[in-house]
Amino acid sequence: LKAQLVLKGLKQCDLANLLKISVQSVNYKINNKRTFKPSEIIKICEFLKIENVQERFDIFFANEVDYNLQND
């Protein structure tokens with residue numbers, strides 16, 4: 001997600017404004033300290049024009065899935 005923001009010339013405060021949450025909350029979510037709500041993921045993907053399902057998965061779920069697989 002960080003890379004997508006950089007590519008589009010955006011900052012975490014832009015996501016905070018979009019989602020109507022604090023910049024600190026966005027930072028926690030980007031750094032996997034909190035999870036994004038499904039509605040937030042949809043808004044972000046629409047905002048960043050991320051249409052590819054695999055790319056969405058890679059951005060929002062890959063770390064969590066990889067972590068869970070390591071603990072099996």
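Look up: the structure comes first, before these words.
Everything quoted here is computed from the prediction, not taken from an experiment.

A. A look at the packing of helix H2 (residues 12–19) against helix H4 (residues 38–48). Running from amino to carboxyl end, H2 crosses H4 at an angle of 120 degrees, the nearest separation of the two axes being 10 Å. Judged by the angle between their axes, H2 and H4 are oblique. Read as a crossing pair, H2 and H4 show a hand that is right-handed. Between H2, through Leu 15, Leu 18 and Leu 19, and H4, the contact on the second element is made entirely by Glu 40, Lys 43, Ile 44 and Phe 47. Looking at side-chain class alone, the contact of H2 with H4 contains 5 nonpolar, no polar and 2 charged residues.

B. Up close: the nonpolar core. Core analysis: the largest hydrophobic core is formed by 14 residues, its most contacted members being Leu 1, Leu 15, Ile 30, Phe 36, Ile 44, Leu 48 and Phe 60. Where this core is concerned, the elements lending two or more residues are H2, helix H3 (23–30) and H4. In terms of residue count, the dominant contributor to this core is H4 (4 residues). Setting aside anything within four residues of it in sequence, one finds Leu 48 in contact with Leu 1, Gln 4, Leu 5, Lys 8 and Leu 10.

Thresholds, definitions, all that
- Residues numbered from 1 in each chain as written.
- Predicted model: local features only at pLDDT ≥ 70, side-chain atom pairs only at ≥ 80, totals over all residues.
- Heavy atoms only, no water.
- Axes fitted to C-alpha atoms, helices over the stretch in contact; angles between N-to-C directions.
- Helix = DSSP H or I, 4+ residues; strand = E, 2+ residues; numbered from the N terminus.
- Parallel < 35°, antiparallel > 145°, perpendicular 65-115°, else oblique.
- Left-handed = near helix turned anticlockwise from the far one by under 90°.
- Contact = heavy atoms within 4.5 Å.
- Nonpolar A, V, L, I, M, F, W, Y, C, P; charged D, E, K, R; others polar.
- Core = buried A, V, L, I, M, F, W, Y, C linked by side-chain atoms within 4.5 Å.
- Buried < 20%, exposed > 50% of the residue type's maximum accessible area, 1.4 Å probe, protein only.

It is worth stressing that arrangement in space is one thing and function is another; only the former is reported here.
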